[in-house]
Amino acid sequence: MTLMQAATEISGRRNLSGDHTALAGLAVMGVTALLGLIALFFTSDLVDLYPNIYLVPWLIGLAAVIAVPMLFLYRKGRFTFVDPLVFATLSYIFPAFVIGGLFFALGLSQPYFADLIQDQHETLPLTVMIVGLGYAGLSLGYLLPIGAKFGGWISDWLPASNYSPDSYIIPGQILLFSGIMNTIVTLVLGQFGYQRAAEFTSYDGIIFFTTLFWVQASFLLWYVVFKRRKWDLTAGFLVAVLLVTSLVKFLFSGSRGNIIQLFLLISFAYILSGRRFTVKQGAVAAILLTIGLTVGMIYGTTFRNVKGSEESQSVANYTENVFATVEQVGRGNVVESLTFGAESFAARIDILSTLAVVVSNHEQLAPYEEIYGLNDNIWIEMTTFMIPRVLWPSKPVVSDPRRYSDLYFDFAGSSYALTPFGDLLRNYGIPGVPIGMFILGVVLRLIYRALVEFQQPVIWRLTLYFMLLTSISYEGFYGTIIPTLFKIGFTALIGIVVVNFMAKRIDAARRVSFGT
């Protein structure tokens, strides 16, 4: 080593050391400033104005716990929205508990059921800790190589048949039409949108899952549009069909979250097609999502108010409610509508207070869960879901959100969020939360490795991956996650077999016509 090289290396080390010192200094200054702000909060009148402000340090701690695996994935070059852990974090866990918790702490969300939370100064911080434990378990299960190893074996075993994107256009439209027709059937039967049938049959589950062909086909066609990388009449036609059908579905579903599904469809198809969001595109997407969520909250809440209840209606009466809602939203005052939408959004995104009700009361209500048919729901779901209700009509329904809402919130007219954290807590106590979430993390990594990670993109695998990942509800019962994955996976595979069968022949015919 020459003297010049040695001097350069020493200088580089000094610069590196200086950088670390500067970063450490900035970190100390940041922590000091944060502690100063916290002290200011607790020594001022803000405590009187915002009685739940004491939650802010706990929420900052939860945000730090969430940030660790996100930074790890970023440093490893694996941070992407379609990653299962990133998706779960950004689409639900962080907004629901950190942002929603801040809304509650600052008084922007004031749920009527807050009175059901006993010893709030102890229960709410405990709820934050339980979420942190569960998220840590989820992250650990995902980042350890267990799921990746099993997923790699499955990936090697799965067929890698793939055809040109254009070969999927006609099959995708046929699948879309099939999904739309099945959805119309459920609308006629009073099972689609904001309504529930008075009596359920053994075939209701089968009918519902076939409506998911609509979602599956929509993802497939959006993927084709982005994968073709050219704008022509075919792309324009597909986008027009997809947007119109999505709009109709949004209006008739009466759902406040249907806009999110459209956003996920487009964003997943865009990223999995090999494209990347620029900063400008990301900003535009964020603005459009915000507008969409606001519109969705306004329309969905107004629709529920217009319809009044979940009672099943005829198609004609249900359609009248749709038009009445559109008219009411259209003639409303813009400022009042935006205020209403913001208030509804703040209340809807706050899941911390909802989970706190479970944390506060699950031990006292445990003896009554058997009466409501909710006890041991995770074990019962996992051991009975492989038996179709067609073969076992009297199979127990142990994960009923209405019964849960009736028991814990004394109101059976709506479905309150339970979350996997709350379901694990009800069944197995605090130790069960990180263990159960660890298992879920392993499953997520297995799915991701088997269908997406470290492999060339295969359309049918990406479609199945989207259907599986978005079927996981981080708002519902933990006990239904694995059964739902199996049921939706099986349904999606039926659609994939049909679509691939047609795409194979279309692709072969195209190759013959072009002499390749």
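As shown above, the structure is provided for reference.
Residues numbered from 1 in each chain as written. Predicted model: local features only at pLDDT ≥ 70, side-chain atom pairs only at ≥ 80, totals over all residues. Heavy atoms only, no water.

**Things to note about the overall build of the chain**
Step number 1: Within the chain one finds 20 helices and zero strands.
Step number 2: Sorting the 516 residues of the chain into buried and exposed places 45% on the buried side.
Step number 3: Of the contacts made within the chain by residues no fewer than 6 positions apart, 79% connect residues no fewer than 24 positions apart. (Helix = DSSP H or I, 4+ residues; strand = E, 2+ residues; numbered from the N terminus. Buried < 20%, exposed > 50% of the residue type's maximum accessible area, 1.4 Å probe, protein only. Contact = heavy atoms within 4.5 Å.)

**Focus on the nonpolar core**
Step number 1: Ranked by size, the top nonpolar core spans 114 residues in total, and within it Ile93, Phe97, Phe268, Leu272, Tyr404, Leu451 and Tyr465 carry the most contacts.
Step number 2: Ranked by residues supplied to this core, first place goes to helix H9 (residues 213-228) with 12 residues.
Step number 3: Counting 10 residues, the second largest nonpolar core, distinct from the first, contains Leu187, Phe252, Tyr299 and Val322. (Core = buried A, V, L, I, M, F, W, Y, C linked by side-chain atoms within 4.5 Å.)

**Overview of a nonpolar patch on the surface**
Step number 1: A grouping of Leu49, Tyr50, Leu102, Leu106 and Leu108 is seen on the molecular surface, where their side chains present a nonpolar patch of about 450 Å² in accessible area.
Step number 2: Checked against the element boundaries, Leu49 lands in helix H2 (residues 46-49). (Patch = residues over 30% accessible without salt bridge, like charges linked within 9 Å, V, L, I, M, F, W, Y side chains within 5 Å. Areas by Shrake-Rupley, 256 points an atom, 1.4 Å probe, with all protein chains shown as cover. Salt bridge = Lys/Arg side-chain N within 4 Å of Asp/Glu carboxyl O.)

**Here we look at the packing of aromatic side chains**
Step number 1: For the structure shown, the criterion picks out 28 aromatic pairs.
Step number 2: With centroids separated by 5.2 Å and ring planes inclined at 85°, the aromatic side chains of Phe113 and Phe409 adopt a geometry described as edge-to-face. Taken together, the residues span a long stretch of sequence, with Phe113 in the loop between helix H4 (84-105) and helix H5 (120-143) and Phe409 in helix H17 (residues 401-409) at a distance of 296 residues.
Step number 3: On the accessibility criterion, Phe113 (8% relative accessible area) is buried.
Step number 4: With a centroid separation of 5.2 Å and 80° between ring planes, the pair formed by Phe150 and Trp153 is classed as edge-to-face. With Phe150 and Trp153 both in helix H6 (residues 145-157) and three residues apart, this pair spans about one turn of that helix.
Step number 5: Cluster of aromatic residues (ring-pair linked, three or more members): Tyr112, Phe113, Tyr404, Tyr408, Phe409, Tyr416 and Phe477. (Phe/Tyr/Trp six-rings, centres within 6.5 Å; stacked < 30°, edge-to-face > 60°.)

**Focus on the packing of helix H16 (residues 377-384) against helix H18 (residues 419-451)**
When two helices pack together, their arrangement is given by the angle between the helix axes and the distance between those axes.
Step number 1: Where H16 contacts H18, the two axes come as close as 9 Å, and the packing angle between them is 100°. When the axes of H16 and H18 are compared, the pair comes out roughly perpendicular. In this structure, H16 contributes Asn377, Ile378 and Trp379 to the contact, and H18 contributes Asp423, Leu424, Arg426, Asn427 and Tyr428.
Step number 2: Tallied by class, residues from the contact of H16 with H18 come to four nonpolar, two polar and two charged. (Axes fitted to C-alpha atoms, helices over the stretch in contact; angles between N-to-C directions. Parallel < 35°, antiparallel > 145°, perpendicular 65-115°, else oblique. Nonpolar A, V, L, I, M, F, W, Y, C, P; charged D, E, K, R; others polar.)

**A word on the environment of Phe340**
Step number 1: Following the sequence through the fold, Phe340 ends up in helix H14 (residues 334-349).
Step number 2: Exposure remark for Phe340: the relative accessible area of 29% places this residue in the partly exposed category.
Step number 3: With 46 residues separating them along the chain, Phe340 and Thr294 place their C-alpha atoms 9.1 Å apart.
Step number 4: Beyond its immediate sequence surroundings of up to four residues, Phe340 is in contact with Ile298, Thr301, Thr302 and Asn305.

**Some thoughts on the pattern of salt bridges**
Step number 1: Scanning the model with the defined rule gives nine salt bridges in all.
Step number 2: Of the charged contacts, one joins Asp166 and Arg228 as a salt bridge, the two residues approaching to 2.5 Å between their closest N and O atoms. Of the two residues, Asp166 sits in the loop between H6 and helix H7 (169-188) while Arg228 sits in helix H9, which places them 62 residues apart along the sequence.
Step number 3: Judged by its relative accessible area of 23%, Asp166 is partly exposed.
Step number 4: Given a relative accessible area of 14%, Arg228 falls into the buried group.
Step number 5: Across the salt bridge formed by Arg403 and Asp400, the nearest N and O atoms sit 3.5 Å from each other.
Step number 6: Owing to a relative accessible area of 32%, Arg403 belongs among the partly exposed residues under this scheme.
Step number 7: Taking relative accessible area as the criterion, Asp400 reaches 14% and is therefore assigned buried.

**Overview of H6**
Step number 1: The end-to-end C-alpha distance of H6 is 19 Å, a good match for the 18 Å that 13 residues give at a rise of 1.5 Å each.
Step number 2: Within H6, burial applies to Gly147, Ala148, Gly151, Gly152 and Ser155. Down the axis of H6, the buried side of the element spans an arc of 135°, and every buried residue falls inside it. In H6, the exposed positions angled more than 90 degrees off the buried face are occupied by Trp153, Asp156 and Trp157.
Step number 3: Looking at the buried side of H6, the elements it contacts are H18 and helix H19 (459-469). (Expected span 1.5 Å × (residues − 1). Arc of directions from axis to C-beta.)

**Concerning the side chain of Thr491**
Step number 1: Of note, Thr491 is situated in helix H20 (residues 481-514).
Step number 2: Since its relative accessible area comes to 10%, Thr491 is described here as buried.
Step number 3: Polar contacts involving the side chain of Thr491 include one to the main-chain carbonyl oxygen of Lys487, which spans 2.9 Å.
Step number 4: In this structure, Thr491 is in contact with Phe209, Thr210, Phe213 and Gln216, ignoring residues within four places of it in sequence. (Polar contact = N/O pair within 3.5 Å; in protein donor to acceptor, adjacent residues only side chain to side chain.)

**Thoughts on the packing of helix H12 (residues 279-307) against H14**
Step number 1: Relative orientation of the contacting elements H12 and H14 amounts to 90°, with a least axis distance of 8 Å. By the criterion of interaxial angle, the relationship of H12 to H14 is roughly perpendicular. When H12 is examined against H14, the residues Leu293, Thr294, Met297, Ile298, Thr301, Thr302 and Asn305 are found in contact with a partner set consisting of Ser337, Leu338, Phe340, Gly341, Ser344, Phe345 and Arg348.

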